[in-house]
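Each chain, written out:
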Amino acid sequence: MVTEHIGLSEISGSLVILDNVEDAFYEEMAELHLDGGAVRSGRVVMIEGKRAVVQVFEGTKDMSVSNTSTVLKGKPMEISLSPEIIGRVFDGLGRPKDGLGEVFPVCKRNINGSAINPVSRVYPKNYIRTGISSIDALATLIRGQKLPIFSGSGMKHNELAVQIVKQADVSDGEDFAIVFAAMGVKNDVADYFRRSFEQAGVMNRVTMFLNLSNDPIIERIITPKCALTAAEYLAFECNMNILVILTDMTSYCEALREFSSSKGEIPGRKGYPGYLYSDLASLYERAGIVKGSKGSVTQIPILTMPNDDITHPIPDLTGFITEGQIVLDRSLENTGIYPPVSILMSLSRLMKDGIGKGFTRDDHKALSDQLFASYALVQDARSLASVIGEDELSDNDKLLLQFGREFETRFLKQGESENRTIEETLDLGWELLSMLPRESLDRVSDDILDKHYKAVVD
Amino acid sequence: MSQINHIYGINGPVVTVKGKTDLKMMEMVYVGEHSLVGEVIRITDELTTIQVYEDTAGLRPGEKIVSTSYPMSVTLGPGLLGNIYDGIQKPLTMIAENSGVFLTRGVDTPSIDENKEWETVVLIKAGDTVSPGQIIAECPETPIIKHKSLVPPDCSGEVIKAAANGKYKVGDCIAEIKTGDGSIRKLSLAQKWPIRTPRPAGARLPISKPLITGQRVIDTMFPIAMGGAAAIPGGFGTGKTVTQHQLAKFADADIIVYVGCGERGNEMTQALNEFSELTDPSTGRPLLERTILIANTSNMPVAAREASIYTGITLAEYYRDMGYNTALMADSTSRWAEALREISGRLEEMPADEGYPAYLPSRLSEFYERAGYFEALSGKKGSITLIGAVSPQGADFSEPVTQNTKRFTRCFWALDKSLAYARHYPAINWNDSYSEYIAELSDWYRDNIARDFIQCRNEIASILAEETKLMEIVKLIGSEILPDDQKLTLEIARVIRIGFLQQNAMHETDTYTPVYKHYKMMQAILHLNMKAKEALARQIPVSRIFSTGMFDKVIKMKYEIPNDKPDMIDDYIKEIDAVYENLI
């Protein structure tokens, strides 16, 4: 039974209030018909007796209390799914945008999903080679992981994401596809991604959900949920390995803040709602591998840190949920290093079980530990050099500075299409460490040093 | 029969009932068609507010609310150990078997297996008088833990019927008690207890023993007492979870309750896998046989996250009452505080610091005060040690959760971002951390490890403090121009930092080291320091002292010396003597 409610009793921001509603349920979908034929969609976000508050995704522009009638759809927000969605482009609400017609649904899924039972998860162990030394050696990406890129506006995070997509090696013959969700990104950025996917010949494996910067902001809150619902379907029901790229999470959080304040909620830090952590977690936790399925959902959310501040609530809360982070550094970028990965701040929590013998190479763990430790010493030497001048440094510190420079220009820096094998990356690491005196490599056992340390003879 | 209530409003995890009701504060209710678990949190003339522990999508006004007339409770009985629960004690393994990989709502699954039979020895007979907390029956819950069924704390009287020894299910009646008011109470192996009420215990006993964790920076530098409370604050990536996992694996408590409160799903899976595979060094049995896991991951309902901490501590108290030493690890209490904030916001309460409710400090103190070393009602001695991780926003320790936690814990292990960036793990900063238990525990170390243990520890601490002071200078002018004795201090401090404080959780030998080995390692380091100083006093240049290779050899002893042969370090001490004898 579908009832049509004529008129509204209140409009505020993106919210409208209906009175005398019988039988609405929480999170029910609504369709709002404007005089003149325009149709918008919305969702019940609060109920109080016979009053229902509906959030309108496309915004309330042109609506009045008398020109709108509302139909409650009797179902939660769902999207139509089938294996055919690969290669298609959708808008932020999961409606086709490429002119190829509706998706014939094999099934419909509630976009809110359900939490994966921790007992049913499979602990991710299979690494993904990205061909990027700084990531492969020092913050290894694991299938089923959520590893965000913390960037700043104007930095090369999009290039890095594209390079990861192009080079990501899941060449063990299993199905691989990409779900790309854009939230509030500029048209040319979305185009850049599309073009790059085409050039890499992967466009027929990409499903895109686009909410561009001029699209309604409330729609933006739904976009990642649609994308992740599609990803979960492809991964867990169609047994595919799915890489989800979510960009830009900062726009998403800002949309959430706007929505929260229009509901009149008590703000938390910097005006973001108190439930920002739970809300972000409900997205990020939709990565992983489950028992009984061959597929996996790997997430690379990209966020731009406002004012490059890593303690801002968005990167801060993200870091608490995700399994590590790849942090880009503006000063590295300015010295011409691409990808400008700040390795000391970057981390992959899952790498410890996904590297070493049987995965990458047995010396990987020792190498990465030592590179981190030695590079940390480089930073100390640099800050000292900035005070007393490089000439006054001890020989050891001078050597460290030299190591630091070589490390950045040879190990971190690589071309946008340079695809290094894991052997190349690890050997390069040892070559660089061999610049330093053997005794100073305190994180490595002697037998590994015997095998890999090659002293540089002057 | 109580009146039937109906949903009036829904906002996130909060539903309201209009008008006067007979619902009681903190009463547990079942909400809606799917019987979602909820709890009454506010009552006014016009509205009763209920917080729902499961996802509220799909609820309609007018759906039924069924009252249970008892507060949010957990079931306590044999079968808890080795299980993994969500925040309101729903058994996740059973749910996975019944309804697949995704969590579904409102599944009513008993918390402990009701069909399993336990080989029970009944310890009472008809005619006995029993008092609250008395042990009435025993059964082997796992091969290493004997479960003791207790008289509920609110029950006492004369036994009028007692079952014979044999196999019983948790629901079977094993005794009938005639209580003071003449009513008959049937007791089984299991009982219920409300999670927000501490289980009563007898007197608090003075703290005297450390909880040994095998982690050098903890056991030696900042020890925690059995029955104590500790906080581990740290920003993301500083290793809170790894530290908590290490403690859960190696702490020498009898029972471990590990609460994953609003944390990552994959980490809980990892914990579950590891605890099933790893064995307890003292018994050789899987760690899971002494562990209860509570997993309320960050995407599970927020209200259950708030409850998970209380569920965990109630389970811990139950085993304490049997006379076990239990330890509870909560990762992370900040998520719990945020859940409080979120619910408080939905109730439109007046916020205090950073949006947290004004009652945050009192809730925290209530929680941490449930730790302690007690004489249980049964007369046995048991303890609860609480270790709470704190995730301060932006790694800023001045935020309300860290600050308030600091007030109620006596042990503070501050995790440091810059140490973590340099991959110094555990990244516990020795300047900011403290343990107030050292004075109370020094007798134990003296009697059980070595006479001069605390003295060694203090010497190590003072070298580190000296280093911190010197580093201020080094940062400005470099280490080259320091006098030789200060260079030596820096070098010894490096040995302490890398060779002693750093501990590799992934390394077979290094992941756990017995306290006696800590002592021997300190001895070697201090001996090296002494000998090097002697050499220095005899005008040997510091570069020659360093070039003996002994410093690096001592650094690597954590890997080279097997844990069961710590006395091999004496050979190192002899070698140091010989090397420096030669030098002089």
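Residues numbered from 1 in each chain as written. Chains lettered and ligands numbered in written order. Predicted model: local features only at pLDDT ≥ 70, side-chain atom pairs only at ≥ 80, totals over all residues. Heavy atoms only, no water.

Details of the overall build of chain A
Part 1 of the argument: Within chain A, the regular secondary structure consists of 13 helices and 21 strands.
Part 2 of the argument: Along the longest, intermediate and shortest principal axes, the C-alpha atoms of chain A span 85 × 50 × 40 Å.
Part 3 of the argument: Scored against the burial criterion, the 458 residues of chain A give a buried share of 62%.
Part 4 of the argument: Sequence-distant contacts in chain A: of pairs separated by 6 or more residues, those separated by 24 or more amount to 72%.
Part 5 of the argument: Of the roughly 16,700 Å² that chain A leaves accessible, carbon and sulfur atoms contribute 47%. (Helix = DSSP H or I, 4+ residues; strand = E, 2+ residues; numbered from the N terminus. Buried < 20%, exposed > 50% of the residue type's maximum accessible area, 1.4 Å probe, protein only. Contact = heavy atoms within 4.5 Å. Areas by Shrake-Rupley, 256 points an atom, 1.4 Å probe, with all protein chains shown as cover.)

Thoughts on the overall build of chain B
Part 1 of the argument: Counting its regular elements, chain B contains 17 helices and 26 strands.
Part 2 of the argument: For chain B, whose C-alpha radius of gyration is 27 Å, the value lies close to the compact-globule estimate of 25 Å for 584 residues.
Part 3 of the argument: Expressed as lengths along the three principal axes of its C-alpha atoms, the size of chain B is roughly 95 × 55 × 40 Å.
Part 4 of the argument: Within the span of chain B, comprising 584 residues, buried residues form 60% of the whole.
Part 5 of the argument: Contacts spanning at least 24 positions in sequence make up 70% of the contacts within chain B whose residues lie at least 6 apart.
Part 6 of the argument: Carbon and sulfur atoms make up 50% of the accessible area of chain B, which amounts to about 21,500 Å² in all.
Part 7 of the argument: Each charge class in chain B can be summarised by its mean position, and for the 62 positive and 75 negative side chains these summaries are 1 Å apart. (Rg over C-alpha atoms; globule rule 2.2 N^0.38 Å. Lys, Arg positive; Asp, Glu negative; His and termini not counted. Charge placed at Lys NZ, Arg CZ, Asp CG, Glu CD.)

Focus: helix α6 (residues 333-346) of chain B
Residue and element names in this part refer to chain B.
Part 1 of the argument: The terminal C-alpha atoms of α6, which comprises 14 residues, lie 20 Å apart, in line with the 20 Å expected from a rise of 1.5 Å per residue.
Part 2 of the argument: Across the 14 residues that make up α6, a large majority, 13, are buried.
Part 3 of the argument: Here α6 starts with a cap whose side-chain oxygen sits 3.2 Å from the backbone nitrogen of Ser334, and that cap is Ser332.
Part 4 of the argument: Directly after α6, the chain includes Glu348, whose backbone phi takes a positive value near 55°. (Expected span 1.5 Å × (residues − 1). Polar contact = N/O pair within 3.5 Å; in protein donor to acceptor, adjacent residues only side chain to side chain.)

Considering the pattern of salt bridges
Part 1 of the argument: The full count for this structure, using the stated rule, is 60 salt bridges over all chains.
Part 2 of the argument: Between Glu58 of chain A and Arg95 of chain A there is a salt bridge, with its nearest N and O atoms 3.4 Å apart. Residue Glu58 of chain A is located in the loop between β6 (51-56) and β7 (68-76), and its partner Arg95 of chain A is located in the loop between β9 (89-91) and β10 (107-110); the two are separated by 37 residues in the primary sequence.
Part 3 of the argument: On the basis of relative accessibility, which here comes to 21%, the residue Glu58 of chain A falls in the partly exposed class.
Part 4 of the argument: Overall, the relative accessible area of 35% leaves Arg95 of chain A in the partly exposed class.
Part 5 of the argument: Between Arg199 of chain B and Asp321 of chain B there is a salt bridge, with its nearest N and O atoms 2.8 Å apart. Placement of Arg199 of chain B in the loop between β18 (191-194) and α2 (216-221) and of Asp321 of chain B in helix α5 (residues 302-321) is noted, with a sequence separation of 122 residues between them. (Salt bridge = Lys/Arg side-chain N within 4 Å of Asp/Glu carboxyl O.)

Examining the packing of helix α10 (residues 438-448) of chain B against helix α11 (residues 453-477) of chain B
All names here are of chain B.
Part 1 of the argument: Interhelical geometry of α10 versus α11 gives an angle of 130° and a closest axis separation of 9 Å. In terms of orientation, α10 and α11 fall into the oblique class. From α10, Ile438, Ser442 and Tyr445 reach across to α11, where they touch Phe453, Ile454 and Arg457. (Axes fitted to C-alpha atoms, helices over the stretch in contact; angles between N-to-C directions. Parallel < 35°, antiparallel > 145°, perpendicular 65-115°, else oblique.)

Some thoughts on the packing of aromatic side chains
Part 1 of the argument: All told, the structure shown has 24 aromatic pairs over all chains when counted by the stated rule.
Part 2 of the argument: Three or more aromatic residues joined by ring pairs make a cluster, and in this case those are Trp444, Tyr445, Phe453, Tyr516 and Tyr519 of chain B.
Part 3 of the argument: The positively charged end of Arg335 of chain B is found above the aromatic ring belonging to Tyr277 of chain A, 3.9 Å away from the centroid. (Phe/Tyr/Trp six-rings, centres within 6.5 Å; stacked < 30°, edge-to-face > 60°. Lys NZ or Arg CZ within 6 Å of the ring centre and 35° of its normal.)

Thoughts on the sheet that holds strand β14 (residues 149-151) of chain A
All names here are of chain A.
Part 1 of the argument: Taken in spatial order, the 8 strands line up as β9-β16-β15-β17-β19-β14-β20-β21 in an open sheet, and their pairing is mixed. Each edge of the open sheet carries a strand with a single partner, namely β9 and β21 (347-348).
Part 2 of the argument: Note: β14 against strand β20 (residues 324-327), 2 bridges, orientation parallel. Considered in β20, the bridge of Ile149 is made with Ile326.
Part 3 of the argument: Along the sheet, helix α4 (residues 217-237) contacts β9, β15 (176-185), β16 (206-212), β17 (241-247) and β19 (296-304); its crossing angle with β15, the most-contacted strand, is approximately 175°. (Pairing = 2+ DSSP bridges.)

Notes on the state of the cysteines
Part 1 of the argument: Tallied over the entire structure, the rule returns 0 disulfides over all chains.
Part 2 of the argument: Of all cysteine sulfurs, the one in Cys173 of chain B lies closest to Cys155 of chain B, which takes part in no disulfide; the gap is 11 Å. (Disulfide = S-S within 2.5 Å.)

What about the pairing of strand β21 (residues 291-296) of chain B?
Residue and element names in this part refer to chain B.
Part 1 of the argument: Burial runs high along β21: 6 of the 6 residues are buried.
Part 2 of the argument: Here β21 shows two buried faces, one formed by Thr291, Leu293 and Ala295 and the other by Ile292, Ile294 and Asn296.
Part 3 of the argument: Bridge count for strand β9 (residues 84-85) against β21 is 2 bridges, and the pairing is parallel. Counterpart to Ile84 in the pairing with β21 is Leu293.
Part 4 of the argument: Two elements, strand β20 (residues 255-261) and β21, share 6 bridges in a ladder whose sense is parallel. Considered in β21, the bridge of Ile256 is made with Thr291.
Part 5 of the argument: Between β20 and its parallel partner β21, the chain crosses via helix α4 (residues 265-277), and the hand of that crossover is right-handed. (Right-handed = clockwise from strand over helix to strand, strands pointing away.)

Focus: the confidence of the model for chain B
Part 1 of the argument: Per-residue pLDDT for chain B has a mean of 91; in total, 99% of the residues score no lower than 70.
Part 2 of the argument: Here the complex is predicted with pTM 0.91, and the ipTM for its interfaces comes to 0.86. (pLDDT = per-residue confidence, 0-100.)

A closer look at the domain arrangement of chain B
Many structure descriptions define interface size as the accessible area lost when the parts assemble.
Part 1 of the argument: Taken domain by domain, chain B holds domain 1 (4-71), domain 2 (113-189), domain 3 (203-435) and domain 4 (453-583).
Part 2 of the argument: For domain 1 of chain B versus domain 2 of chain B, the separation of C-alpha centres amounts to 35 Å. (Domains from an automatic or database assignment.)

Digging into the interface of chain A and chain B
Part 1 of the argument: The interface is formed by 71 residues belonging to chain A together with 74 residues belonging to chain B.
Part 2 of the argument: Contact with chain B buries area across many residues of chain A, yet Tyr26, Pro118 and Phe320 of chain A alone supply 12% of it, more than any other trio.
Part 3 of the argument: For the interface between chain A and chain B, the tally reads 2 salt bridges.
Part 4 of the argument: Here Arg60 of chain B ties to Asp23 of chain A by a salt bridge, and the two come within 3.4 Å at their closest N and O atoms.
Part 5 of the argument: Here chain A and chain B share 25 residue pairs in polar contact (both at pLDDT 80 or more) between them.
Part 6 of the argument: Counting only elements with at least two residues in the side of chain A that touches chain B, the list comes to β5 (39-48), β11 (121-122), α4, α6 (276-284), α7 (313-321), α9 (351-354) and α10 (364-388) of chain A.
Part 7 of the argument: The element best represented in the side of chain A that touches chain B is α10 of chain A, accounting for 7 residues.
Part 8 of the argument: Residue composition of the side of chain A that touches chain B, grouped by class: 37 nonpolar, 14 polar and 20 charged.
Part 9 of the argument: By the bridge criterion, 2 bridges tie β5 of chain A to strand β2 (residues 9-11) of chain B in an arrangement that is antiparallel. (Buried area = accessible area lost by both parts, 1.4 Å probe. Nonpolar A, V, L, I, M, F, W, Y, C, P; charged D, E, K, R; others polar.)

Notes on the domain arrangement of chain A
Residue and element names in this part refer to chain A.
Part 1 of the argument: For chain A, the domain assignment lists domain 1 (3-75), domain 2 (79-353) and domain 3 (361-457).
Part 2 of the argument: Look at where the C-alpha atoms of domain 1 and domain 2 centre, and you get two points 31 Å apart.
Part 3 of the argument: Carbon and sulfur atoms supply 55% of the area buried between domain 1 and domain 2, which totals about 960 Å² over both sides.
Part 4 of the argument: In this assembly, domain 1 and domain 2 are joined by 1 salt bridge.
Part 5 of the argument: Viewed at the interface, domain 2 and domain 1 are joined by 3 residue pairs in polar contact (both at pLDDT 80 or more).
Part 6 of the argument: Sorting the residues of the side of domain 1 that touches domain 2 by element identifies β5 and β6 as the ones contributing at least two each.
Part 7 of the argument: Examining the composition of the side of domain 1 that touches domain 2, we find that 3 residues originate from one element, β5, more than from any other.
Part 8 of the argument: Tallied by class, residues from the side of domain 1 that touches domain 2 come to 4 nonpolar, 4 polar and 4 charged.

Some words on α10 of chain B
Residue and element names in this part refer to chain B.
Part 1 of the argument: If you check which residues of α10 are buried, you get Ile438, Leu441, Trp444 and Tyr445. Down the axis of α10, the buried side of the element spans an arc of 115°, and every buried residue falls inside it. Within α10, the exposed residues directed more than 90 degrees away from the buried face are Ala439 and Asp447.
Part 2 of the argument: Contacts from the buried residues of α10 go to α2, β26 (434-435), α11 and α13 (515-537). (Arc of directions from axis to C-beta.)

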